Amino acid sequence: MKNLFFILALTITAAIAKATPYLVVPGAIWRDTAGNIIQAHGAGLIHVGKTYYWFGEDHTGQKSDQSFLNIPCYASQDLVHWTLRGNALTRQSSGDLGPDRAVERPKVIYNRRTHMYVMYLHIDSKDYHEAKVGVATSRKVEGPYTYRQSFQPLGHQSRDMTVFQDTDGRAYLIHEDRMSGVRIDLLSADYLSVAGPIALIPQALEGNCVLHVKDTYFMLGSHLTGWAMNPDVYATAPALSGPWSEFANVAPPSTNTYNSQSAFILPVQGAKATSYLYIGDRWKGDNLQDSRYIWMPLAVNDKTLSLAPDVPFTLDAAAGTMTFDSKPQ
Ligand code: GAL
């Protein structure tokens with residue numbers, strides 16, 4: 001009898017889980033479906049079929065030592081309930097993924113020609129003096145990924161980075177070059193290497209994110225203050241090659257981006273609308289394992305971006321909507 005009630009309770013929970021839009025509480029402790037705290041910092045997400053996949057840095061048990069442990073992959077259909085699918089990459093005994101390495105900000109895109117999922121990461125020594133980008137590939141989105149190589153794109157330094165796949169299938173590496181600013185490079189047709197330069201924006205920018213809506217490209221990122229939060233800024237352009245506008249604040253500067261640093265912008269395309277999710281990190285540099293995820297609706301209006309305050313909101317991935325119960329203050 002007890003078992004029957006248990007099964008019934010599970011069935012009802014599963015039914016609710018399928019149908020209901022969910023409340024997202026920015027900065028709250030977020031557990032996966034097994035009850036463990038999600039470890040996926042410096043996130044990158046990809047939508048494949050009905051499923052979203054979330055990759056990030058595992059900082060389990062870490063205080064201020066950020067040495068590479070794993071790049072886990074979580075899966076969800078509603079963007080709120082996440083199931084750990086395993087580690088897309090794990091620490092190796094030596095080399096780029098060895099002990100005492102910095103392996104950060106994984107981003108995955110799918111190459112339709114080669115049928116490969118391609119992951120780009122920031123690869124570095126622990127004191128960040130190597131400044132390289134790394135590439136890994138897998139035939140399955142959740143991995144495991146085969147680590148291929150690291151390099152300095154076109155000979156330039158690369159620390160915080162992201163990749164961006166445009167609607168025409170072309171993909172780009174966007175990376176922070178401490179010597180000059182943000183570089184946008186075109187990736188080769190197989191996405192495994194850099195084909196050539198597209199633009200250099202002379203602005204120091206970390207936590208880089210790119211978004212393309214209608215005729216406008218947006219570049220969002222933070223200033224360079226390590227684990228400390230600062231006011232994120234964005235610029236716009238009619239093409240990735242530019243011309244890029246001046247940078248503007250995405251949130252009231254006194255909030256330090258609601259105490260977060262940008263990691264990713266996810267378009268959530270649903271049956272009713274397309275909304276944009278800002279995915280950031282509220283880093284705790286002295287207790288990295290307890291860094292929190294700050295997910296907030298990002299309003300896109302012609303050529304402006306603005307971030308909603310870090311209050312709870314309802315996310316309905318199926319509808320593509322993000323709503324506040326009452327208007328945020
Ligand atoms: C930040 C960067 C993080 C991490 C950190 C280390 O500026 O965005 O990804 O590298 O520095 O201090």
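Our subject is the structure listed above.
Everything quoted here is computed from the prediction, not taken from an experiment. (Residues numbered from 1 in each chain as written. Predicted model: local features only at pLDDT ≥ 70, side-chain atom pairs only at ≥ 80, totals over all residues. Heavy atoms only, no water.)

Colleague: Would you explain the pairing of strand S19 (residues 274–282) in this entry?
Modeller: Put simply, side chains in a regular strand alternate between the two faces of the sheet. With respect to burial, S19 is a largely interior element, 8 of its 9 residues being buried. The pairing of strand S18 (residues 261–269) with S19 spans 8 bridges and is classified as antiparallel. Bridge pairing in S19 places Gln269 opposite Thr274. Here S18 folds back onto S19 in antiparallel fashion, the turn holding 4 residues. (Buried < 20%, exposed > 50% of the residue type's maximum accessible area, 1.4 Å probe, protein only. Helix = DSSP H or I, 4+ residues; strand = E, 2+ residues; numbered from the N terminus. Pairing = 2+ DSSP bridges.)

Colleague: Hey, could you run me through the sheet that holds S18 in this one?
Modeller: Two strands in a sheet stick together by hydrogen bonds in their backbones, pointing the same way (parallel) or opposite ways (antiparallel). Pairing within the open sheet is antiparallel, and its 4 strands lie in the order S18-S19-S20-S21. What marks the edges here is a single partner per strand, and that holds for S18 and strand S21 (304–307). Between one strand and the next, the sheet's axes are offset by a mean angle of 30 degrees, whatever the strand orientation. Alignment of S19 against strand S20 (residues 292–301), held across 6 bridges, turns out to be antiparallel. From the neighbouring strand, Arg282 faces S20, where its bridge partner is Arg292. (Axes fitted to C-alpha atoms, helices over the stretch in contact; angles between N-to-C directions.)

Colleague: Which parts of the structure should I look at to understand the side chain of Gln261?
Modeller: If you trace the backbone, Gln261 turns up in strand S18. One polar contact links Gln261 to Arg105, side chain to side chain, over a distance of 2.9 Å. The contacts of Gln261, once residues within four sequence positions are left out, are Arg105, Asp160, Glu206, Gly207, Ser222, Met229, Asp232, Tyr278, Gly280, Asp281 and Trp283. (Polar contact = N/O pair within 3.5 Å; in protein donor to acceptor, adjacent residues only side chain to side chain. Contact = heavy atoms within 4.5 Å.)

Colleague: Would you explain the nonpolar core in this entry?
Modeller: In globular proteins that are soluble, nonpolar side chains generally tend to be buried together. Core analysis: the biggest nonpolar cluster contains 24 residues, and Leu45, Trp54, Leu79, Trp82, Leu266, Leu277 and Trp295 have the highest contact counts within it. The biggest single contributor to this core is S18, with 3 residues. If we skip the residues at most four places from it in the chain, Trp295 touches Val24, Pro26, Trp30, Leu45, Trp54, Leu79, Trp82, Leu277, Tyr278, Ile279 and Phe313. In terms of nonpolar packing, the next biggest core, distinct from the first, is built from 20 residues, Ala88, Val103, Met119 and Tyr145 among them. (Core = buried A, V, L, I, M, F, W, Y, C linked by side-chain atoms within 4.5 Å.)

Colleague: Would you mind going over the site of the ligand with me for this structure?
Modeller: In the vicinity of the ligand, the contacting residues are Glu104, Arg105, Tyr128, Asp160, Glu206, Gly226, Trp227 and Gln261. In this structure, Glu104 approaches the ligand through a side-chain N or O atom, which is 2.7 Å from an oxygen atom. Here Gly226 contributes a backbone N or O atom positioned 3.2 Å from an oxygen atom of the ligand. For the ligand, the accessible surface in isolation is 310 Å², of which the surrounding protein chains cover 89%. Taken together, the residues of the shell around the ligand sort by class into 2 nonpolar, 2 polar and 4 charged. (Near = heavy atom within 4 Å. Areas by Shrake-Rupley, 256 points an atom, 1.4 Å probe, with all protein chains shown as cover. Nonpolar A, V, L, I, M, F, W, Y, C, P; charged D, E, K, R; others polar.)

Colleague: Whenever I open this one, the environment of Gln77 confuses me. Can you help?
Modeller: As for its placement among the helices and strands, Gln77 is situated in the loop between strand S4 (70–76) and strand S5 (83–90). Residues Gln77 and Met322, spaced 245 residues apart in sequence, show a C-alpha to C-alpha distance of 15 Å. If we ignore the near neighbours within four places in the chain, the residues touching Gln77 are Lys50, Thr51, Tyr52 and Ala317.

Colleague: I tried to follow the packing of aromatic side chains on my own but got confused; where do I start?
Modeller: How two aromatic rings sit relative to each other is given by the distance of their centres and the angle of their planes. Taken as a whole and assessed by the stated rule, the structure comprises 13 aromatic pairs. Here the aromatic rings of Trp30 and Trp295 are separated by 4.7 Å at their centres, their planes lie at 75 degrees, and the arrangement is edge-to-face. Of this pair, Trp30 sits in the loop between strand S1 (22–24) and strand S2 (41–48) while Trp295 sits in strand S20; the two residues are 265 residues apart in sequence, bridging distant segments of the chain. Of the residues examined, Trp30 reaches a relative accessible area of 15% and is grouped as buried. Taking the centre distance of 6.2 Å and the plane angle of 50 degrees together, the rings of Trp54 and Tyr74 count as tilted. (Phe/Tyr/Trp six-rings, centres within 6.5 Å; stacked < 30°, edge-to-face > 60°.)

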